[in-house]
Amino acid sequence: MKRIGIPVLASLLLTASAAAAQPNDAQIAAIVVTANQVDIDAGKLAASVSHNVDVKSFAERMVTDHTGVNKSAVDLVTKLKVTPEDNPTAQSLKAGGDQNLRNLKGLKRVAFDKAYVTHEVAYHQQVLDAMDQVLIPNAQNRPAFVAHLEHAKKIEASLAGKR
Amino acid sequence: MTPASMTQVRRYGLPSAVTAALALLFGGTESTPASGPSPATHTVIIEGVQFSPPALTVRAGDAVIWINRDPFPHTATSNQGRFDSHAIEPGRSWTFTPKKAGAISYGCTYHPTMKGTLRVE
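Model, not experiment: these values are computed from the prediction.

**Topic: the overall build of chain B**
Link 1 in the chain: In terms of regular secondary structure, chain B is built from two helices and eight strands.
Link 2 in the chain: Going from the N terminus to the C terminus, chain B shows its helices and strands as α-α-β-β-β-β-β-β-β-β.
Link 3 in the chain: Looking at the 121 residues of chain B, the share that counts as buried comes to 24%.

Shown next as structure tokens:
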């Protein structure tokens, strides 16, 4: 299976995070919004392409949940009068998301499902790691990412034997 | 007037005609024995993709209200078909009043990691 995108996303996120100083609130806001948007975009593609009922409903759930998380994040930064500020971590997340979409668009059926779900596992783990190490320990939305990660792992296991 | 305060009225020995009139005015709880506990309301908070508390014991006739504090929808759905809230949108709640005793396991149909139990006595 092609795994283009995941290592790139991972390394870029970590490199950018490690290289940069602790991001400020405006930068964190941009990272949060971008991280959610990347998963919304992948979810929309998977919901329309996948024929697997579990993958499809997971993808729809990602669109709904991350849209909700983004709405609450935007509400919060608006209330705090913070304007999201683009930064290398947000940019690398976006680049990784775009690369994932390009990769997925070249795949069909089971190969698509596996690549999408495997990327979802890596993505949610990556965001959790970033939350814990760099961004916001005890972030309010952390449990949602944990639940999504466990859900994605379950589907990944169910797809393992399929060809 | 709440059922509890109605009980208070009776306890303080008001004439039964007054009690009956009050019962007519306020809906009354005459069918509930004065000695028995009034139905209670229990709250389960849904937050951080979890039911809190995950295990709850109530009496038959008590109300259980699930409040969704997450920014996306959840459900409270019993595994045995006893109840299904369907989507509880962010900031909304859903109430179920169990009538029969027994243990009910439930979850969120959207998030398989979410689990809860309701014990009805």
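**Some words on the interface of chain A and chain B**
Link 1 in the chain: Contacts between the two partners involve 13 residues from chain A, matched on the other side by 11 residues from chain B.
Link 2 in the chain: Sorting the residues of the side of chain A that touches chain B by element identifies α3 (53-79) and α6 (142-159) of chain A as the ones contributing at least two each.
Link 3 in the chain: The dominant element in the side of chain A that touches chain B, judged by the number of residues it contributes, is α3(A), at seven residues.
Link 4 in the chain: Class assignment for the residues of the side of chain A that touches chain B results in four nonpolar, four polar and five charged.

**Some thoughts on the pairing of strand β4 (residues 63-68) of chain B**
All names here are of chain B.
Link 1 in the chain: Side-chain alternation along β4 places V64, W66 and N68 on a buried face and A63, I65 and I67 on a face that remains uncovered.
Link 2 in the chain: Note that β4 and strand β6 (residues 93-96) share four bridges and pair antiparallel. Within the sheet, the bridge partner assigned to V64 lies in β6 and is F96.

**What to know about the environment of B:A87**
Residues and elements named next belong to chain B.
Link 1 in the chain: Of note, A87 is situated in the loop between β5 (77-78) and β6.
Link 2 in the chain: As for A87 and N68, which are separated by 19 residues in sequence, their C-alpha atoms are 10.0 Å apart.
Link 3 in the chain: Apart from residues lying up to four places away in sequence, A87 is in contact with P73 and T75.

**Concerning the pairing of strand β7 (residues 102-107) of chain B**
All names here are of chain B.
Link 1 in the chain: Pairing of β5 with β7, which is carried by two bridges, proceeds in the antiparallel orientation. When the bridges of β7 are listed, T77 appears paired with G107.
Link 2 in the chain: Judged from the six bridges that link them, β7 and strand β8 (residues 115-120) form a sheet pairing that is antiparallel. The residue of β8 that forms the bridge with Y106 is G116.

**Details of the sheet that holds β7(B)**
Pairing between the strands of a sheet comes from backbone hydrogen bonds, and it takes one of two forms, parallel or antiparallel.
Link 1 in the chain: Across the sheet, which stays open at both edges, the four strands sit in the order β3-β8-β7-β5 (chain B) with mixed pairing between neighbours. Across the chains shown, the open sheet's two edge strands, defined by having one partner strand only, are β3 (55-58) and β5 of chain B.

Cut-off values and rules
- Residues numbered from 1 in each chain as written.
- Chains lettered and ligands numbered in written order.
- Predicted model: local features only at pLDDT ≥ 70, side-chain atom pairs only at ≥ 80, totals over all residues.
- Helix = DSSP H or I, 4+ residues; strand = E, 2+ residues; numbered from the N terminus.
- Buried ≥ 20, exposed ≤ 12 C-beta atoms within 10 Å, placed from the backbone.
- Contact = placed C-beta atoms within 7 Å.
- Nonpolar A, V, L, I, M, F, W, Y, C, P; charged D, E, K, R; others polar.
- Pairing = 2+ DSSP bridges.

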